[in-house]
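For reference, the chains in residue letters:
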Amino acid sequence: MSGAEVPARFAEAFGDWTPRAVVFDCDGLLLDTESVWQRTEDLVVAAHDAQLQAGDEDVLHGSTIEAAAELISRRSGHDEQEVLADLHREFERELSAGIRTMAGAEEILRLAGEKVPLGCASNSWLAALEDKLTLGGLREKFAVLEASDTVENAKPAPDMYAAAARALGIEPSDVLAFEDSGTGAQAARDAGLRLIAVPAPGYDAPPADLALTSLTDPDLAAWIRSW
């Protein structure tokens, strides 16, 4: 501890525990790729005349591109590999227009990176994760990247967070995760990490040690300064 005062709700949630490493989700937490993905999904759903059903949007939120392709294929009757290829192509085309960081992301990465090593764990495939972080100006912040094609099972399985902790050389119980989706939150919890949830507007916070509405929360910055 640095001696800096710990905000009350962080003291209540974490006591005197502080992380020795932090692993961040990417999409919708650090980078505004959710809007890029939503445009991609809408284009491909329309192109294949897929008839989405109640609950499908929740399934697609935070899922892998492979899971999205399987669902759209099922709802449209079109070939799954064709749908997957279309999703890849449209997503990369949408990304080429640029990408913005989420409010507070750069500051929190800077503060946390001054204290502990950082990782990023995303249900993207690794090449896309590299591209997104580079476009967003964040790639150099991370010592470790884990993605859907670097582990056997993507989120909500714990593999990705367990692998990130191993790569950082830190026990999972000493690692903090940041997630916006229930899919990712389950992965982090099941891997044994502590968790702060920052759900997207309109989504309920998944179970976590603490839930925030934004990375701009001043108490978060104050807590990190106390590490």
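As the structure is a prediction and not an experimental result, all values here were calculated from the model.

> I'd like to hear about the sheet that holds strand E3 (residues 144-146), residue by residue, with values.
Reading across the sheet, the six strands line up as E3-E2-E1-E4-E5-E6 and stay open at both edges, with parallel pairing between neighbours. A strand with exactly one partner marks an edge of an open sheet, and here the two such strands are E3 and strand E6 (210-211). Sheet topology places strand E4 (residues 175-179) next to strand E5 (residues 194-197); four bridges connect them, and they run parallel. The residue of E5 that forms the bridge with Phe 178 is Ile 196. Relative to E3, helix H8 (residues 159-168) is tilted by about 160 degrees, and along the sheet it contacts strand E1 (21-24), strand E2 (118-121), E3 and E4.

> Run through the packing of aromatic side chains, naming residues and quoting values.
Under the defined criterion, the tally for this structure stands at nine aromatic pairs. When the ring of Phe 10 is compared with that of Phe 14, the centres are 6.4 Å apart and the planes differ by 20 degrees; the resulting orientation is stacked. Taken together, the residues span about one helical turn, with Phe 10 and Phe 14 both in helix H1 (residues 8-14) at a distance of four residues. Each member of the pair, Phe 10 as well as Phe 14, carries the same accessibility label: buried. Considering the side-chain rings of Trp 37 and Phe 91, the 5.9 Å spacing of their centres and the 75 degrees angle between planes classify their relative orientation as edge-to-face. Taken together, the residues span a long stretch of sequence, with Trp 37 in helix H2 (residues 33-47) and Phe 91 in helix H5 (residues 80-95) at a distance of 54 residues. Each of the two residues, Trp 37 as well as Phe 91, counts as buried. Following the ring pairs from residue to residue traces out a cluster consisting of Phe 10, Phe 14, Trp 17, Trp 223 and Trp 227.

The rules we used
Residues numbered from 1 in each chain as written. Predicted model: local features only at pLDDT ≥ 70, side-chain atom pairs only at ≥ 80, totals over all residues. Heavy atoms only, no water. Pairing = 2+ DSSP bridges. Helix = DSSP H or I, 4+ residues; strand = E, 2+ residues; numbered from the N terminus. Contact = heavy atoms within 4.5 Å. Axes fitted to C-alpha atoms, helices over the stretch in contact; angles between N-to-C directions. Phe/Tyr/Trp six-rings, centres within 6.5 Å; stacked < 30°, edge-to-face > 60°. Buried < 20%, exposed > 50% of the residue type's maximum accessible area, 1.4 Å probe, protein only.

Read these as geometric descriptors, not functional statements.
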